[in-house]
Structure formats: C-alpha cells, structure tokens
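Reading the structure
Given next are the chains, with one letter for each unit.
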Amino acid sequence: FAPSLRMESRTKENRMSDPANILIRNQVTGENLVTIYVHNIGDEFRNLAYWLSKFTVGNGIPNGIDTKYFANGAGCLAAKVVAKLKDLNSAGGVYLEKSAGENLLYIIEVGRDNIDIVVYYYDNIIFSGSTKEYVNSGHKIVEEKRNEL
C-alpha cells in the first residue's frame, strides 16, 4: 500500500497544523477498517500514540481485566480511537471519511498482540515502528523528515 498523496504548498511554520488522515488497518487481514480526517493534527497524533502505547490487543476479553486499555481485536481498537479523537474535538475537527488526499498519512496497524505505526509524508515513508518507538523518538523523526522534503 503506497498512498498517492497530493502535494500542497505549506510553510515550515504551519506544517504541524497540516490536516492529516489516520487509517486504521487490521494487520492480520490487511483490511482497512476506518479512515479518519483530522483537520489540525498538531501534537494530537503524538498524544494518540502515547495513549495507544498503553494498550493490549487480544482476542476475547479475559476475566477481571481492566478494559480501559484493552482492545478486543482491531475493530474494537478502531472504535476506541474514533471515540478518543471525537472526545477531544466534539464539533468539527475530526471526521470519518475517505482520504481527501492529504499530504500526511498516519497508518495504525493493529496485529494480534501489537500496534504499529507507519507515517507517510507525500509518498515517502518517514516512520515505521511501534507506538512506543513513535512516542520515544518517532515524532522527532517525522518532523525532521518533513522539514527535509
């Protein structure tokens, strides 16, 4: 999957205000579950990645588990992500719609027991790794690469 992203003129000062698409994909089946348009991504994705880094993904809900940071598969996690983003942006800001061809695309890949992130800027992969790697250093890599392109 290499998305075709349209190029827009943006200055370095407002790049973090760029709109972005977040695609949530079931890593096991390859199915794209939902595309989310975020009007002003800012630090929102780093915060989302930090929140996701706390999650455990499983198949079936174990007895006695605190389900706050547990997802019963990729579909459950996708629903939790949508709810989290809308809680932060009650009116506007976040929409469920097909890709509008934004130049920044975050893909959240949900496996059987892992959550990975791939970030495309234009048609270039500028980060690929776990949520924890994104939180620790990936967000810096993304900004550096965006400044280079």
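Please refer to the structure higher up on the page.
Quick look at the structure, then. (Residues numbered from 1 in each chain as written. Predicted model: local features only at pLDDT ≥ 70, side-chain atom pairs only at ≥ 80, totals over all residues. Heavy atoms only, no water.)

**Quick word on the environment of Asp18**
The residue Asp18 is located in the segment before strand 1 (20–26) in this model. What makes Asp18 buried here is its relative accessible area of 0%. Taking the C-alpha atoms as reference points, Asp18 and Gly42, 24 residues apart in sequence, are found 7.4 Å from one another. (Helix = DSSP H or I, 4+ residues; strand = E, 2+ residues; numbered from the N terminus. Buried < 20%, exposed > 50% of the residue type's maximum accessible area, 1.4 Å probe, protein only.)

**Regarding the layout of surface pockets**
Computed from the structure, the largest pocket encloses a volume of approximately 160 Å³. Looking at the largest pocket, the residues that line it are Asn26, Val28, Val57, Gly58, Asn59, Gly73, Ala74, Val110, Gly111 and Arg112. Taken together, the residues of the lining of the largest pocket break down into 4 nonpolar, 5 polar and 1 charged. (1 Å grid on protein atoms, 1.4 Å probe; cavity = no way out; pocket = protein on both sides within 12 Å on 5 of 7 lines; lining within 4 Å. Points joined across faces, edges and corners; volume = space filled by probe spheres on them. Nonpolar A, V, L, I, M, F, W, Y, C, P; charged D, E, K, R; others polar.)

**Some details on the packing of aromatic side chains**
Summed over the entire model, instances satisfying the criterion amount to 8 aromatic pairs. Centroid distance Phe45 to Tyr134: 5.3 Å. Interplanar angle 90°. Geometry classified as edge-to-face. On the criterion of sequence distance, the pair formed by Phe45 in helix 1 (residues 44–53) and Tyr134 in helix 3 (residues 131–148) is long-range, its members being 89 residues apart. The class for Phe45 is buried, based on a relative accessible area of 1%. Residues Phe55 and Tyr69 carry aromatic rings whose centres are separated by 5.6 Å and whose planes lie at 85° to one another, so their mutual orientation is edge-to-face. In this pair, Phe55 sits in the loop between helix 1 and strand 3 (56–57) while Tyr69 sits in the loop between strand 3 and strand 4 (70–71), placing the two residues 14 residues apart along the sequence. Under the relative-accessibility criterion, Phe55 is labelled buried at 10%. The rings of Phe45, Tyr106, Phe127 and Tyr134 are connected pair by pair, giving a single aromatic cluster. Taking the ring centre of Tyr95 as reference, the NZ or CZ of Lys86 above it sits at 5.9 Å. (Phe/Tyr/Trp six-rings, centres within 6.5 Å; stacked < 30°, edge-to-face > 60°. Lys NZ or Arg CZ within 6 Å of the ring centre and 35° of its normal.)

**Topic: the pairing of strand 7 (residues 115–121)**
When you tally the buried positions in strand 7, you get 6 out of 7 residues, the bulk of the element. Note: strand 6 (residues 104–110) against strand 7, 7 bridges, orientation antiparallel. If you follow Ile107 over to strand 7, its bridge partner there is Val118. Two successive antiparallel strands, strand 6 and strand 7, enclose a turn made up of 4 residues. Linkage of strand 7 to strand 8 (residues 124–130), two consecutive antiparallel strands, is achieved through a turn of 2 residues, within which Tyr122 is found at a positive phi near 55°. (Pairing = 2+ DSSP bridges.)

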